Amino acid sequence: MAIARVEASEVERAVEAALENCEHAVLAVSGGLDSMALLTAAARLPAAKQRTLVVATFDHGTGEAAGRAAALVSRYARHCGIPCVTGRASPVGTKEEEWRRGRWTFLRQIASERGGSVVTAHTVDDQIETVFMRILRDSGARGLAGLYAESEIVRPFLGIGRANLDAYARVLHVPFVQDPSNLDRRHLRNRIRLDILPSIVSRNPDFPDELLALAREAATWRRSLEDIAGAVEGVSEQGGALRISRSSLKGYDAESLRVLWPALAARASVVMDRRGTHRAAQFTISGATGGTIQLSGGVEILMRRDHMLLRRWRVPASAPMQQSQIST
């Protein structure tokens, strides 16, 4: 994949522009090359801006490599003069998805405590891999937007390639840890990155640009849909449930409801898969008052006389977190 070389100043300008409107920023740094480049670029911002930053790193507790990465982030943040908060998870009985959920719970907790935004080092390569992976998983148009979807997460490097950050890190001698799990082909994303995408690109060099164009169209469509879904009367309730007026959904056919339901579910922080979307649409049309359907991910929809209630009936497990440690 041919990506133009980006000078150090361009990487730093991307970070400066992304953080310009952030009153406080929580830099999510794993110790890998991309996030350490983010930390380095942020540390070269004007001193006044640096004082609004904090680094957050999460030790998944999966072994020596994870511990080394967290320790490196803490030392390097101290070297850069930026406070670092470390969260740790117990590895007992946890899986990859639970580690991911635990990490994001930790990051959002730190951001909430400091009134700031989470800043990640996702690159254009991450976006390409994400969109391709969602195609393989038969995601709808909403999911195909990938990292282009509107979010409270700040991503300075979505226009910059991984190879460019590698060049930046080499020039400035940025330390980083190579995560051995990134070479484990048991994970779908690694197979996509290491094998599938390179094979496709060797035959169709324009394929990454085609995926990005698709994602941009999906993001535009998603924004339009959010406006339409906003007209549906929904009230958030205690525990994250969403009460949706039945009269607001009256008149929509099954196809329209299959488009609307994922947007409505997002208000309750629920991601609805294709099967769940189809079942929700059919239940909206033909479900009887007092009826209930259960969807994947521990989610259910209840039919009441004047409203439908979307809620979790089973709270997803999170990786247990130990108390955070702050270093300055």
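Just so it is clear, the structure is predicted and the values come from calculations on it, not from any experiment.

Q: How should I be thinking about the sheet that holds strand β6 (residues 242-245) in this particular structure?
A: Think of a sheet as strands paired side by side through backbone hydrogen bonds, with each pair either parallel or antiparallel. Read from one edge of the open sheet, five strands run β5-β6-β9-β8-β7, paired in antiparallel fashion. The two strands at the open ends of the sheet, each matched to only one other strand, are β5 (234-236) and β7 (292-295). Looking at each pair of strands side by side, their axes are set apart by 20° on average, direction ignored. In this sheet, β6 lies alongside β5 in antiparallel orientation, the contact comprising three bridges.

Q: Would you explain the packing of helix α2 (residues 33-43) against helix α4 (residues 64-80) in this entry?
A: Direction vectors running N to C along α2 and α4 enclose 10°, while the axes themselves pass 10 Å from each other. When the interaxial angle is binned, α2 and α4 end up roughly parallel. The way α2 lies across α4 gives a crossing that is right-handed. Between α2 and α4, the residues in contact are M36, L39, T40 and A43 and L72, V73, Y76, A77 and C80, respectively. By residue class, the composition of the contact of α2 with α4 is eight nonpolar, one polar and no charged.

Q: For this particular structure, what's the right way to read the side chain of R155?
A: For R155, the position within the fold is in the loop between α7 (141-144) and α8 (162-171). Among buried charged residues, R155 stands out as having no salt bridge; its nearest opposite-charge side chain is E152, 7.8 Å away. Polar side-chain contacts of R155 include one of 3.2 Å to the side chain of H122. Each residue touching R155, except ones within four places of it in the same chain, is listed here: T120, H122 and L147.

Q: So what exactly am I meant to see when it comes to the packing of aromatic side chains here?
A: What describes a pair of aromatic rings is the distance from one ring centre to the other and the angle between the planes of the rings. Per the stated rule, a full pass over the model turns up two aromatic pairs. Ring geometry for F58 and F106: centres 5.5 Å apart, planes at 40°, overall tilted. Placement of the pair is F58 in strand β2 (residues 53-59) and F106 in helix α5 (residues 96-114), with a sequence separation of 48 residues. When the centroid spacing of 5.8 Å and the interplanar angle of 85° are considered together, the rings of F132 and F207 count as edge-to-face. You can see F132 sitting in helix α6 (residues 124-136) and its partner F207 sitting in helix α10 (residues 207-229), a full 75 residues away along the chain. The burial state of F132 is the same as that of F207; both residues are buried.

Q: Would you explain empty space enclosed by the protein in this entry?
A: It is the rolling of a water-molecule-sized probe over the atoms that shows where space remains empty. Counting across every chain of the model gives one cavity of 30 Å³ or more. For the largest cavity, the calculated volume is near 40 Å³. Contributing to the lining of the largest cavity are V270, V271, M272, D273, G276, L295, S296 and V299. For the lining of the largest cavity, a count of residues per class yields five nonpolar, two polar and one charged.

Q: Got a minute to help me understand the pattern of salt bridges in this structure?
A: One side chain can pair with another of opposite charge once the charged atoms of both are near each other. Under the counting rule described, the total for this entry stands at 15 salt bridges. Measuring nitrogen to oxygen at the nearest pair gives 2.9 Å for the salt bridge that ties R162 to D126. A residue pair is termed long-range when its members are at least 10 positions apart, and R162 in helix α8 and D126 in helix α6 qualify at 36 residues. The exposure class of R162 is partly exposed, given its relative accessible area of 22%. In this structure D126 comes out as buried when scored by relative accessible area, which is 11%. Between E129 and R162 there is a salt bridge, and its shortest N-O distance comes to 3.2 Å. Taken together, the positions of E129 in helix α6 and R162 in helix α8 put the pair 33 residues apart, joining distant regions of the chain. According to the relative accessible area criterion, E129 is buried, its value standing at 3%. In the salt-bridge network here, residues are joined through shared partners; they are D34, D126, E129, R162, R189 and R193.

Q: Quick question: what am I supposed to make of unusual backbone geometry here?
A: Of note in this structure, H173 is not a glycine but carries a positive phi near 55°. Mapping H173 onto the fold places it in the loop between α8 and α9 (188-203).

Q: Honestly, the state of the cysteines in this entry has me stumped. Any pointers?
A: Every disulfide links exactly two cysteines, by a covalent bond between their sulfur atoms. Applying the stated criterion across every chain, the model contains zero disulfides. C80 takes part in no disulfide bond, and the closest cysteine sulfur, belonging to C84, lies 11 Å away. For C84, a relative accessible area of 0% puts it in the buried group.

Q: What is the right way to read the confidence of the model for the protein chain from this model?
A: Interpreting fine coordinate detail is not advised for predicted regions of low pLDDT. Across the protein chain, pLDDT averages 88, with 90% of residues at or above 70. pLDDT under 50 marks residues 1-5. Its contacts with residues more than four places away, or in other chains, come to 12 contacts.

Q: What's the story with α8 in this structure? I'm lost.
A: At 3.6 residues per turn, the α-helix brings residues three or four places apart onto the same side. The complete set of buried residues in α8 reads N164, L165, A167, Y168 and A169. Just downstream of α8, H173 is the residue with a positive phi angle, here 55°.

Cut-offs and rules
Residues numbered from 1 in each chain as written. Predicted model: local features only at pLDDT ≥ 70, side-chain atom pairs only at ≥ 80, totals over all residues. Heavy atoms only, no water. Pairing = 2+ DSSP bridges. Helix = DSSP H or I, 4+ residues; strand = E, 2+ residues; numbered from the N terminus. Axes fitted to C-alpha atoms, helices over the stretch in contact; angles between N-to-C directions. Parallel < 35°, antiparallel > 145°, perpendicular 65-115°, else oblique. Left-handed = near helix turned anticlockwise from the far one by under 90°. Contact = heavy atoms within 4.5 Å. Nonpolar A, V, L, I, M, F, W, Y, C, P; charged D, E, K, R; others polar. Buried < 20%, exposed > 50% of the residue type's maximum accessible area, 1.4 Å probe, protein only. Lys, Arg positive; Asp, Glu negative; His and termini not counted. Salt bridge = Lys/Arg side-chain N within 4 Å of Asp/Glu carboxyl O. Polar contact = N/O pair within 3.5 Å; in protein donor to acceptor, adjacent residues only side chain to side chain. Phe/Tyr/Trp six-rings, centres within 6.5 Å; stacked < 30°, edge-to-face > 60°. 1 Å grid on protein atoms, 1.4 Å probe; cavity = no way out; pocket = protein on both sides within 12 Å on 5 of 7 lines; lining within 4 Å. Points joined across faces, edges and corners; volume = space filled by probe spheres on them. Disulfide = S-S within 2.5 Å. pLDDT = per-residue confidence, 0-100.

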